[in-house]
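Structural characterization, general
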Amino acid sequence: MNDYNNKPLAGRTALVTGAARGIGAAVAARLVDDGARVYAGDLLEEEGRALADALDGACTFQRLDVTDEAEWAAAMERIAREAGRLDILVNNAGIYGPASLQDETAAGFRRLFEINQFAIFWGMKCAVPLMTLGGSIINLSSIGGMVGYKGTFGYAGTKWAVRGLTRSAARELAPLKIRVNTVCPGVIDTSMFYENDPALLNQFLDAIPLGALGKPTDVASAVAFLASDQAAYVTGSDILVDGGMLA
């Protein structure tokens, strides 16, 4: 893969899920800046198209419900037709929904599973046939998938599962030259952070050794590293972007 104009991802094609806003939008913008052609997958069509328009033709919006197998198939068929292959998959789409074990409902738990866990399995499965020259899969987990937290039972369970799926896939896909890693954000300044009980927000801030919320661009930098040849020998790993919370 050629490095045109010193762009580390020049000539590569990426799909980013949950790309319309927040971390996903920052990731899409960073990959474009690094030279990739990006498909921005999301259900938020107005915001997703606005993002694509803002990225000067290097980004294409693709409607994608990550829980819908038919929509994954349509996205992959489009990428195969237009780009010929897929080099980078960023499974970013996810929901939070804090609740304790006793307060979580079957419907709530099932929705967390469908979006945060099943979608990553299915996305990886669908992407592999298009990664004909190898590639990089980056799955978004969380510090909630590294340690136990009260009040996030279902969410934490899915994020722990993401790390297990990632490590198993890393071993299985290594012979195909496909690397699979996770990025585990800490407390990032997105709308998801503010879904927590307002009384807890200052406690989260106090727990960050670097003393500030992370930015979506901080997560995007970690994703860009894993997508690039600088991480050519990195697979089955977790990168924490948490300001030292788990240090």
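Going by the structure above, here's the rest.
Residues numbered from 1 in each chain as written. Predicted model: local features only at pLDDT ≥ 70, side-chain atom pairs only at ≥ 80, totals over all residues. Heavy atoms only, no water.

**Some words on the overall build of the protein**
Each helix and strand in the protein was counted, giving seven helices and seven strands. Of the regular secondary structure in the protein, the N- to C-terminal order runs β-α-β-α-β-α-β-α-β-α-β-α-α-β. In terms of C-alpha radius of gyration, the protein reaches 17 Å, essentially the compact-globule figure of 18 Å for 247 residues. For the protein, the residues scored as buried account for 49% of the 247 residues in total. Put simply, of all contacts in the protein between residues at least 6 apart along the chain, 69% involve residues at least 24 apart. For the protein, the exposed surface amounts to about 11,600 Å²; the carbon and sulfur share of it is 54%. (Helix = DSSP H or I, 4+ residues; strand = E, 2+ residues; numbered from the N terminus. Rg over C-alpha atoms; globule rule 2.2 N^0.38 Å. Buried < 20%, exposed > 50% of the residue type's maximum accessible area, 1.4 Å probe, protein only. Contact = heavy atoms within 4.5 Å. Areas by Shrake-Rupley, 256 points an atom, 1.4 Å probe, with all protein chains shown as cover.)

**Examining the sheet that holds strand E2 (residues 37–42)**
The seven strands are arranged E3-E2-E1-E4-E5-E6-E7 in an open sheet whose pairing can be described as parallel. A single partner strand is all that each edge strand has here, and the edge strands are strand E3 (59–63) and strand E7 (238–241). When strand polarity is set aside, the average angle formed by the axes of neighbouring strands in this sheet is 20°. Both strand E1 (residues 13–17) and E2 contribute to a ladder of five bridges, which runs parallel. What sits directly across from threonine 17, in E2, is glycine 41. (Pairing = 2+ DSSP bridges. Axes fitted to C-alpha atoms, helices over the stretch in contact; angles between N-to-C directions.)

**Some thoughts on helix H2 (residues 45–54)**
All of the buried residues along H2 are Gly48, Leu51 and Ala52. Mapping the buried residues of H2 onto a view down its axis gives an arc of 100°, with all of them on the same face. Across from the buried face of H2, at angles greater than 90 degrees, the exposed residues are Glu46, Asp53 and Ala54. Immediately beyond the C-terminal end of H2, within one or two residues, lies aspartate 56, with a positive phi of roughly 55°. (Arc of directions from axis to C-beta.)

**Considering a nonpolar patch on the surface**
On the surface, Leu101, Phe109 and Phe153 cluster together into a nonpolar patch covering about 300 Å² of accessible area. Following the sequence through the fold, phenylalanine 153 ends up in helix H5 (residues 153–173). The partly exposed category is assigned to phenylalanine 153, whose relative accessible area is 41%. (Patch = residues over 30% accessible without salt bridge, like charges linked within 9 Å, V, L, I, M, F, W, Y side chains within 5 Å. Salt bridge = Lys/Arg side-chain N within 4 Å of Asp/Glu carboxyl O.)

**Things to note about the pairing of strand E5 (residues 135–140)**
Burial of E5 is extensive: six of the six residues sit out of reach of the surface. Both faces of E5 are covered, namely the face carrying Gly135, Ile137 and Asn139 and the face carrying Ser136, Ile138 and Leu140. Each parallel crossover has a hand, and the one from strand E4 (residues 88–91) via helix H4 (residues 106–127) to E5 is right-handed. As paired elements, E5 and strand E6 (residues 178–185) share six bridges and run parallel to each other. Within E6, the position partnered with isoleucine 137 by the bridge is valine 180. Note that the unit made of E5, H5 and E6 has a crossover that is right-handed. (Right-handed = clockwise from strand over helix to strand, strands pointing away.)

**Focus: the packing of aromatic side chains**
Here the structure, examined in full by the defined rule, presents five aromatic pairs. Their ring planes at 35° and their centres at 6.4 Å tell us that phenylalanine 109 and phenylalanine 153 sit as a pair that is tilted. One end of the pair, phenylalanine 109, is in helix H4; the other, phenylalanine 153, is in helix H5, and 44 residues separate them in sequence. On the basis of relative accessibility, which here comes to 38%, the residue phenylalanine 109 falls in the partly exposed class. With a centroid separation of 6.1 Å and an interplanar angle of 10°, the aromatic rings of phenylalanine 118 and tryptophan 122 are classed as stacked. Of the two residues, phenylalanine 118 and tryptophan 122 both sit in helix H4, four residues apart, roughly one turn of that helix. Here the two residues phenylalanine 118 and tryptophan 122 agree in accessibility, since each one is buried. One aromatic cluster is present, built from ring pairs that chain together Phe118, Phe121 and Trp122. One Lys or Arg, arginine 163, reaches over the ring of tryptophan 160 and ends 5.4 Å from the middle of that ring. (Phe/Tyr/Trp six-rings, centres within 6.5 Å; stacked < 30°, edge-to-face > 60°. Lys NZ or Arg CZ within 6 Å of the ring centre and 35° of its normal.)

Nothing here speaks to function; it is all geometry.
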